[in-house]
Amino acid sequence: MLVGVWDAERAPASRGADSRWRAAAGRAVKDPTAVERANLLNMAKLSIKGLIESALSFGRTLDSDYPPLQQFFVVMEHCLKHGLKVRKSFLSYNKTIWGPLELVEKLYPEAEEIAASVRDLPGLKTPLGRARAWLRLALMQKKMADYLRCLIIQRDLLSEFYEYHALMMEEEGAVIVGLLVGLNVIDANLCVKGEDLDSQVGVIDFSMYLKNEDDIGSKERNVQIAAILDQKNYVEELNRQLNTVSSLHTRVDSLEKSNTKLIEELAIAKNNIIKLQEENHQLRSENTIILMKTQHHLEVTKVDVEAELQTYRHSRQGLDEMYNEARRQLREESQLRQDIENELMVQVSMKHEIELAMKLLEKDIHEKQDTLIGLRQQLDEVKAINIEMYQKLQVSEDAMKEKNEIIGRLEDKTNQITATMKQLEQRLQQAEKSQVEAENEDKKFKQDCMSKSENLQKEISRKEKQLVQLETDLKIEKEWRQTLEDDLQKEKETLSHLRVETQQIICLKKEFLKLQDKNRQLKKICHDQEEALQELACKLSESKLKIEDIKEANKALQGQVWLKDKEATHCKLCEKEFSLSKRKHHCRNCGEIFCNACSDNELPLPSSPKPVRVCDSCHAFLIQRCSSNMP
């Protein structure tokens, strides 16, 4: 910290040192941080006061090379550095004021633009340089006091960056923020890009705040500056009055132009009303003609539709009867066909049974033939045995005698076999007869079936012919019905067209009513515009009178000059000499100098809305002008 102990004797007691500073100076021996805070507060007061005074004398617009402004930034840097905590990083110790200034961006949303522009500056590499650039941008924005006030209120956040005894944590910080509000009258034009803010050395130059012999005439210079500022304010008031006159001229011109435009619009509106009335009459006549035509067309179409509906009903009734009759005949024919098919199925089943019986008879005949062949073979064998026996009888007579009985028995057996053979032959003959009879019956059955099938086919062909004829009749009826439906569809279309026309007529009626409403509204607007024109004419007359009054006042004001205090020695009205007891007072209307008795009046002027001092003559003139302007 480069701030040394500022002695209480050197502190300018006559320069607005308050009670808090005196208490802090009294405690300087005990608490060195309190002494440092008091010294920084005094330096801030001196730098802010010197900056404001020099800016007023310099012309209120300051550049970055202006020494008091540079000293102000150095003092603010020392104030912000006081009691700043040291932050340990990986490589070194960090102690900078950019950390707390970055908090303003979160607390005050309007400060985001400054912080972003500071980060975007290419020449800044250190946090101290960014903090210096931030202070310069905040001064140009005239919001340094607001930003630092938001920062001081948040003590909890500031405690992360400052010690408890730091200037920003104590009351001195709030005092400095209050002093910064006075800098809002200064216009600063600073170029931050070109400056080397990283390597600047912040050293306070105390020589600027030490007393000099040249300061003795500062009071007279301040009086001259105050007089110059008063004359400047008076000239600004005159300029404002002239500007009001010119604005009134422009307003009168605009009112005249708007009046001519309104007259033209009124004439156009009247022409439009006449045209709309003519169109209204035409639409009424056309509407009546269309209504007559549609009513006549509707009556004709109603009669035609009723006649066609009656014919359609009669034809539909006949068609329904014919359809029911054909349907009944079809049902009967289908029933007959079903019965014939059932009979055919029975005959076919009988034929299959007869064929099976024939096959079984043939099988029996074949089996009987096989038995006959077997019996014949046995007979042949018996004959061979008889021959052998006969030969054996010839060989041995003894054997023949013994076997005569056996031969008798064999003869009996042969007789039995012959009898059975005869029976079998008879059965065979009967089977052949039955086979012939069955074949005859089969032939007769086949002939009957063929005749029945021919008859059935004839009936089916006849029924098919009837079905074809009925189908043709149905097709004709369907075509006729289709034509009737087409006619009905056409009638429906005509009815829909008529309904559409009626809807169009209703829409035309609604449009006609809307046109009538528009006509009424236009008449009303025309009437309102005529009343407005009358009111504008009254206002124009009043504004012309006001302009004449303002022109007269302007002529009177153009010859007036703000007198200097040295030029006037006597009051202009009572002509009494000025002294210490009888002081000089300027009239804010005419610029002349009067005593307190002759200028003890206050009235609001065009240059200032608040009441200001005016002389008796100006007061009477202004009151008379206001009373003449009143309606």
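Residues numbered from 1 in each chain as written. Predicted model: local features only at pLDDT ≥ 70, side-chain atom pairs only at ≥ 80, totals over all residues. Heavy atoms only, no water.

S.K.: How do you make sense of the overall build of the protein when you look at a structure like this?
M.R.: Assigned secondary structure in the protein consists of 13 helices and eight strands. The long-range share in the protein, meaning contacts at least 24 apart out of those at least 6 apart in sequence, stands at 69%. As displayed, the protein has an accessible area near 43900 Å², and 54% of this comes from carbon and sulfur atoms. (Helix = DSSP H or I, 4+ residues; strand = E, 2+ residues; numbered from the N terminus. Contact = heavy atoms within 4.5 Å. Areas by Shrake-Rupley, 256 points an atom, 1.4 Å probe, with all protein chains shown as cover.)

S.K.: Where do I start with helix α6 (residues 127-141) in this structure?
M.R.: The α-helix advances 3.6 residues per turn, and as a result positions three or four apart in sequence lie on the same side. In a regular helix each residue adds 1.5 Å, so 15 residues correspond to 21 Å; α6 covers 21 Å between its end C-alpha atoms and thus fits that length. Among the residues of α6, those classed as buried are G129, A131, R132, A133, W134, L135, R136, L137, A138 and L139. Against α3 (67-81), α4 (98-107), α5 (112-120), α7 (144-153) and β4 (187-189) lie the buried residues of α6. Backbone geometry just downstream of α6 places K142 in the positive-phi region, at approximately 65 degrees. (Expected span 1.5 Å × (residues − 1). Buried < 20%, exposed > 50% of the residue type's maximum accessible area, 1.4 Å probe, protein only.)

S.K.: When you look at the packing of aromatic side chains in this model, what are you seeing that I'm missing?
M.R.: Within the structure shown, the criterion is met by three aromatic pairs. Both rings, one in Y108 and one in Y147, keep their centres 5.2 Å apart while their planes meet at 75 degrees; by these two values the pair is edge-to-face. Of this pair, Y108 sits in the loop between α4 and α5 while Y147 is found in helix α7, placing the two residues 39 residues apart along the sequence. Look at Y147 and you get buried, because its relative accessible area is 0%. The structure contains a cluster of three or more aromatic residues connected by ring pairs, namely Y108, W134 and Y147. The aromatic ring of F73 is capped on one face by R136, whose charged end is 4.3 Å from the ring centroid. (Phe/Tyr/Trp six-rings, centres within 6.5 Å; stacked < 30°, edge-to-face > 60°. Lys NZ or Arg CZ within 6 Å of the ring centre and 35° of its normal.)

S.K.: Even after reading the chapter, I still don't get the side chain of N519, so can you show me in this structure?
M.R.: Position of N519 relative to the elements: it lies in helix α12 (residues 404-558). Apart from the residues lying within four places of it in its own chain, the contact partners of N519 are I273 and Q277.

S.K.: Looking at this model, I keep getting lost on the confidence of the model for the protein. Mind explaining?
M.R.: Detailed reading of the predicted coordinates is not advisable wherever pLDDT falls low. When the pLDDT values of the protein are averaged, the result is 77; 81% of them are 70 or greater. Considering only residues more than four positions removed or in separate chains, one finds that residues 1-19, a stretch of pLDDT under 50, has 23 contacts. pLDDT under 50 marks residues 23-29. Its contacts with residues more than four places away, or in other chains, come to three contacts. (pLDDT = per-residue confidence, 0-100.)

S.K.: Can you walk me through the state of the cysteines in this structure?
M.R.: Such a bond, covalent and formed between the sulfur atoms of two cysteines, is termed a disulfide. Under the criterion given, the structure shown has zero disulfides. Just so you know, C615 is unpaired, no disulfide at all, and the nearest cysteine sulfur is the one on C618, 3.3 Å from it. (Disulfide = S-S within 2.5 Å.)

S.K.: Hey, could you run me through the pairing of strand β7 (residues 601-605) in this one?
M.R.: Each regular strand displays side chains that alternate between the two surfaces of the sheet. Alternating residues of β7 divide into N601, L603 and L605, all buried, and E602 and P604, none buried. As defined by bridge partners, β7 adjoins strand β8 (residues 608-614) across five bridges and the pair is classed as antiparallel. When the sheet's bridge partners are listed, E602 is paired in β8 with R613. (Pairing = 2+ DSSP bridges.)

S.K.: It is not clear to me how a negative patch on the surface should be interpreted in this structure. Could you clarify?
M.R.: A cluster of acidic residues, D304, E308, E485, D486 and D487, forms a negative patch on the protein surface. Going through the elements one at a time, α10 (218-395) and α12 are the ones with two or more residues in the negative patch. For the negative patch, the element with the most residues is α12, which contributes three residues. Here E308 is to be found in helix α10. With a relative accessible area of 36%, E308 lands in the partly exposed category. (Patch = residues over 30% accessible without salt bridge, like charges linked within 9 Å, V, L, I, M, F, W, Y side chains within 5 Å. Salt bridge = Lys/Arg side-chain N within 4 Å of Asp/Glu carboxyl O. Lys, Arg positive; Asp, Glu negative; His and termini not counted. Charge placed at Lys NZ, Arg CZ, Asp CG, Glu CD.)

S.K.: It is not clear to me how unusual backbone geometry should be interpreted in this structure. Could you clarify?
M.R.: Leaving glycine out, the prevailing phi sign among residues is negative, and the prevailing peptide bond configuration is trans. Phi is positive for K142, close to 65 degrees, though the residue is something other than glycine. You can see K142 is positioned in the loop between α6 and α7. Here K142 falls in the partly exposed class, since its relative accessible area comes to 31%. Of note in the backbone geometry, E575 takes a positive phi value of approximately 60 degrees without being a glycine.

S.K.: Any chance you could explain the nonpolar core here in plain terms?
M.R.: As a rule of thumb, soluble globular proteins bury nonpolar side chains together. In this structure, L69, F72, W134, M144, L148, Y162 and L180 are the most contacted members of the largest nonpolar core, which totals 60 residues. Those elements giving two or more residues to this core turn out to be α2 (32-58), α3, α4, α5, α6, α7 and α9 (171-180). No other element matches the eight residues that α2 contributes to this core. If we ignore the near neighbours within four places in the chain, the residues touching W134 are W98, L101, V104, I114, V118 and Y147. C595, C598, L603 and L622 belong to the second-largest nonpolar core, a separate cluster that totals 16 residues. (Core = buried A, V, L, I, M, F, W, Y, C linked by side-chain atoms within 4.5 Å.)

S.K.: Help me understand the pattern of salt bridges in this model?
M.R.: It is possible for side chains bearing opposite charge to pair when their charged atoms get close. What the rule picks out here adds up to 13 salt bridges. With a closest N to O distance of 2.9 Å, E77 and R132 form a salt bridge. Taken together, the residues span a long stretch of sequence, with E77 in helix α3 and R132 in helix α6 at a distance of 55 residues. Across the pair, exposure class does not vary: E77 and R132 are buried alike. Residues R520 and D517 are paired through a salt bridge, measuring 3.4 Å at the closest nitrogen-oxygen approach.

S.K.: Help me out: how do you make sense of the packing of α7 against α9 in this one?
M.R.: Packed helices, taken two at a time, are described by their axes: the angle between them and the distance between them. In the contact formed by α7 and α9, the axes pass within 8 Å of each other and the chain directions differ by 160 degrees. Taken together, the axes of α7 and α9 are roughly antiparallel relative to one another. Viewed along their axes, α7 and α9 form a crossing whose handedness is left-handed. Along its contact with α7, which presents M144, A145, L148, R149 and I152, the element α9 presents G173, A174, V177 and L180. Tallied by class, residues from the contact of α7 with α9 come to seven nonpolar, one polar and one charged. (Axes fitted to C-alpha atoms, helices over the stretch in contact; angles between N-to-C directions. Parallel < 35°, antiparallel > 145°, perpendicular 65-115°, else oblique. Left-handed = near helix turned anticlockwise from the far one by under 90°. Nonpolar A, V, L, I, M, F, W, Y, C, P; charged D, E, K, R; others polar.)

S.K.: Would you explain α7 in this entry?
M.R.: The buried fraction of α7 is high, at seven of ten residues. Looking only at α7, the buried set comprises M144, A145, Y147, L148, C150, L151 and I152. Along its buried surface, α7 packs onto α3, α4, α5, α6, α8 (155-158) and α9.

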